[in-house]
Amino acid sequence: MTNNIYSHTEPSAIIYSKPSQNIIMVLETGDYLHRLKDNQFDLFHQKFHNSTQKIIEKFNGNILSLKDNSYIVSFNSTNDTIFCAIKIYGNLNYITPNFDPTYRQLKIGVSLIPTLLEGNVFKEAVAHTIKLCEYVKGDIIITSGVKHLYENNNKNDFLHNEHIRLLKPKEERFLSKLILFIEKNWNDPTLDVTAFSKSIGYSKSQLNRNLKSLTGKSPNQFIRAFRLHKALELLYNQKGNISEIAHRTGFNNSTYFTKCFYDNYGLLPSNYLQKHVYCN
């Protein structure tokens, strides 16, 4: 566990110890757009972390990694994992009722850890759980394996909660193909829907239908949002000027990049740098 939980650095999937438990839960709150170093932001994180750590302890969770805006936690019990996730999500509004709702973004992903933890298998399982938070539409995303285990342990009692999204095996297969493709090709400026659909083996209509169901976005919207998120990371970490970052993230020119950035985040890249990066 890291000591500096308010470090305002990029969240990391580094695991400090391999767990004996077989279920992993990832929590991510906020994004690069809202990492402000002022009293309100610090107070939000203090309240969130104090509450979250108490809940994790209550449900027998083991914190493997902790950053200012993310947790990676392991559990032995599906009941503990799921009830912990529901409690953390439900408690968020109660502990921070007066904060701007955009600060109170929270995504939770839950999946099984492979029995064999050799090599990179464990790290890959954690990375995939993080992708549940980053890619899938919903509040608490639970894989089919966890769902099956929960129902077996609870005499086929099904999970019913407005914040839970239960993934189907076919959705998980689609997600795996999506991750493999987009992380290899996202910054290619020639990338279009035709190449997208062909590469993962779906027709354009199938791609659009599956992607909207999983992420809430059309193929073009998904590609653009993915690139903008990468650009936001690069801006936050000052990895180049606006024009350089626009080019590196697959935009044909900085003018179009600026327009897309403003449409998506509600402010110009230059204003983001002044307000959220240079002021720190």
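Refer to the preceding data block for the structure.
Since we're looking at a predicted model, the values are computed, not measured.

Undergrad: Any chance you could break down the overall build of the protein chain for me, citing the residues and the numbers?
TA: A count of helices and strands for the protein chain gives 11 helices and 6 strands. Per-residue burial for the protein chain yields a buried fraction of 48% across its 280 residues. Here the contacts in the protein chain between residues at least 6 apart in sequence split such that 70% fall between residues at least 24 apart. Total accessible area on the protein chain is roughly 14200 Å²; 47% of this is exposed by carbon and sulfur atoms.

Undergrad: Talk me through the pairing of strand E4 (residues 106-112); I want residue IDs and the actual numbers.
TA: Of all 7 residues making up E4, 5 are buried, and the element is well covered by its neighbours. Note that strand E1 (residues 23-29) and E4 share 7 bridges and pair antiparallel. Within E4, the position partnered with Met25 by the bridge is Val110.

Undergrad: Describe the environment of Leu64, with residues and values.
TA: Structurally, Leu64 is set in strand E2 (residues 62-67). Sequence-wise, Leu64 and Ser74 are 10 residues apart; in three dimensions their C-alpha atoms are separated by 7.1 Å.

Undergrad: So what about the packing of helix H8 (residues 219-236) against helix H11 (residues 269-277)? Which residues, and what values?
TA: Between H8 and H11, the least distance of the axes is 10 Å, while the angle of their chain directions is 50 degrees. Overall, the two elements H8 and H11 adopt an arrangement that is oblique. Here H8 and H11 pass one another in a crossing that is right-handed. When H8 is examined against H11, the residues Leu232, Leu235 and Tyr236 are found in contact with a partner set consisting of Pro269, Tyr272, Leu273 and Val277. Its residues assigned to classes, the contact of H8 with H11 comprises 7 nonpolar, no polar and no charged.

Undergrad: Before we move on, can you summarise the layout of surface pockets with the specific residues and values?
TA: In this model, the second largest pocket occupies a volume close to 220 Å³. Pro189, Leu191, Asp192, Asn220, Ile223, Arg224, Arg227, Gly250, Phe251, Asn252 and Tyr256 are the residues that line the second largest pocket. A per-element tally of the lining of the second largest pocket places H8 first, with 4 residues. Considered class by class, the residues forming the lining of the second largest pocket number 5 nonpolar, 3 polar and 3 charged.

Undergrad: Could you give me a rundown of the environment of Ser218, with the residues and numbers involved?
TA: For Ser218, the location among the structural elements is in the loop between helix H7 (204-215) and H8. Aside from chain neighbours lying at most four places away, what touches Ser218 is Asn208, Leu211 and Lys212.

Basis of the calculations
- Residues numbered from 1 in each chain as written.
- Predicted model: local features only at pLDDT ≥ 70, side-chain atom pairs only at ≥ 80, totals over all residues.
- Heavy atoms only, no water.
- Helix = DSSP H or I, 4+ residues; strand = E, 2+ residues; numbered from the N terminus.
- Buried < 20%, exposed > 50% of the residue type's maximum accessible area, 1.4 Å probe, protein only.
- Contact = heavy atoms within 4.5 Å.
- Areas by Shrake-Rupley, 256 points an atom, 1.4 Å probe, with all protein chains shown as cover.
- Pairing = 2+ DSSP bridges.
- Axes fitted to C-alpha atoms, helices over the stretch in contact; angles between N-to-C directions.
- Parallel < 35°, antiparallel > 145°, perpendicular 65-115°, else oblique.
- Left-handed = near helix turned anticlockwise from the far one by under 90°.
- Nonpolar A, V, L, I, M, F, W, Y, C, P; charged D, E, K, R; others polar.
- 1 Å grid on protein atoms, 1.4 Å probe; cavity = no way out; pocket = protein on both sides within 12 Å on 5 of 7 lines; lining within 4 Å.
- Points joined across faces, edges and corners; volume = space filled by probe spheres on them.

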